[in-house]
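Single-letter residue listing:
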Amino acid sequence: LDNKVNRVKMLLYKAGSRVHCGKGFERVFAEYWDAVCLRLSDRLSSHTSERCDKAITAFLKSKKLRRIHNRFIMGIMRRVTRVFVPHSEISDYIPNRWQDRVKVKVVETTAVARS
């Protein structure tokens, strides 16, 4: 998961650097990324929410940036609404004291004879 997020982050960074032509780009990108992280992490006050929206809008100046951003957000939404999350994707994040309570679904496979 971290690898995928880092790839999207780099894609946004590269595309954004072209769109913003280096004019304070690092600051604009950092504000955008912080705003996205804040938006995804917790409920926000209306003032903070407004500031996040402004930072995100300031960064998403092109159709390509908006498309990458929207695909990123939709990917996050798909992942968090999945019914089944593979244990291998979350096992590193489960506290040790909870490990015995985690039920791992075993997927049985059968060999199919070829004719």
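In this report, the structure presented in the accompanying data block is examined.

Calculation notes
- Residues numbered from 1 in each chain as written.
- Predicted model: local features only at pLDDT ≥ 70, side-chain atom pairs only at ≥ 80, totals over all residues.
- Heavy atoms only, no water.
- Helix = DSSP H or I, 4+ residues; strand = E, 2+ residues; numbered from the N terminus.
- Buried < 20%, exposed > 50% of the residue type's maximum accessible area, 1.4 Å probe, protein only.
- Contact = heavy atoms within 4.5 Å.
- Areas by Shrake-Rupley, 256 points an atom, 1.4 Å probe, with all protein chains shown as cover.
- Patch = residues over 30% accessible without salt bridge, like charges linked within 9 Å, V, L, I, M, F, W, Y side chains within 5 Å.
- Salt bridge = Lys/Arg side-chain N within 4 Å of Asp/Glu carboxyl O.
- Core = buried A, V, L, I, M, F, W, Y, C linked by side-chain atoms within 4.5 Å.
- Phe/Tyr/Trp six-rings, centres within 6.5 Å; stacked < 30°, edge-to-face > 60°.
- Axes fitted to C-alpha atoms, helices over the stretch in contact; angles between N-to-C directions.
- Parallel < 35°, antiparallel > 145°, perpendicular 65-115°, else oblique.
- Left-handed = near helix turned anticlockwise from the far one by under 90°.
- Nonpolar A, V, L, I, M, F, W, Y, C, P; charged D, E, K, R; others polar.

## Some words on the overall build of the protein chain
Okay, so step 1: Summing up its helical and strand segments, the protein chain has five helices and zero strands in all.
Okay, so step 2: Ordered by position from the N terminus, the helices and strands of the protein chain form the series α-α-α-α-α.
Okay, so step 3: By the burial criterion, 20% of the 115 residues in the protein chain qualify as buried.
Okay, so step 4: The long-range share in the protein chain, meaning contacts at least 24 apart out of those at least 6 apart in sequence, stands at 52%.
Okay, so step 5: When the accessible surface of the protein chain is summed, it comes to about 9500 Å², and 54% of that surface belongs to carbon and sulfur atoms.

## Focus: a nonpolar patch on the surface
Okay, so step 1: Taken together, the side chains of Met 74, Met 77 and Val 80 present a nonpolar region at the surface, about 300 Å² in accessible area.
Okay, so step 2: Relative to the elements of secondary structure, Met 74 occurs in helix H4 (residues 63-80).
Okay, so step 3: Residue Met 74 is classed as partly exposed on the basis of its relative accessible area, which comes to 42%.

## A look at the pattern of salt bridges
Okay, so step 1: In total, this model carries two salt bridges according to the counting rule given.
Okay, so step 2: Asp 53 is the partner of Arg 39 in a salt bridge, and the nearest nitrogen-oxygen pair spans 2.6 Å. Of this pair, Arg 39 sits in helix H2 (residues 25-41) while Asp 53 sits in helix H3 (residues 46-59); the two residues are 14 residues apart in sequence, bridging distant segments of the chain.
Okay, so step 3: On the accessibility criterion, Arg 39 (36% relative accessible area) is partly exposed.

## Concerning the nonpolar core
Okay, so step 1: One finds Leu 12, Phe 29, Tyr 32 and Phe 59 to be the most contacted residues of the largest nonpolar core, which totals 17 residues.
Okay, so step 2: Put simply, the parts of the chain that give this core at least two residues each are helix H1 (2-20), H2, H3 and H4.
Okay, so step 3: Here this core takes seven residues from H2, the largest share from any one element.

## Overview of the packing of aromatic side chains
Okay, so step 1: Counting across every chain of the model gives 10 aromatic pairs.
Okay, so step 2: Centroid distance Phe 25 to Phe 29: 6.0 Å. Interplanar angle 35°. Geometry classified as tilted. Taken together, the residues span about one helical turn, with Phe 25 and Phe 29 both in helix H2 at a distance of four residues. Here Phe 25 and Phe 29 have matching classes, each one buried.
Okay, so step 3: In this structure an aromatic cluster arises from ring pairing among Tyr 13, Phe 25, Phe 29, Tyr 32, Trp 33, Phe 59 and Phe 72.

## A word on the packing of H2 against H3
Okay, so step 1: Their axes nearest at 8 Å, the elements H2 and H3 cross at an angle of 135°. When the axis of H2 is compared with that of H3, the two are oblique. Crossing of H2 over H3 shows left-handed handedness. Here H2 contributes Phe 25, Val 28, Phe 29, Glu 31, Tyr 32, Ala 35, Val 36, Leu 38 and Arg 39 to the contact with H3, which in turn contributes Thr 48, Ser 49, Cys 52, Asp 53, Ala 55, Ile 56, Ala 58 and Phe 59.
Okay, so step 2: Its residues assigned to classes, the contact of H2 with H3 shows 12 nonpolar, two polar and three charged.

Keep in mind these numbers describe shape, not what the thing actually does.
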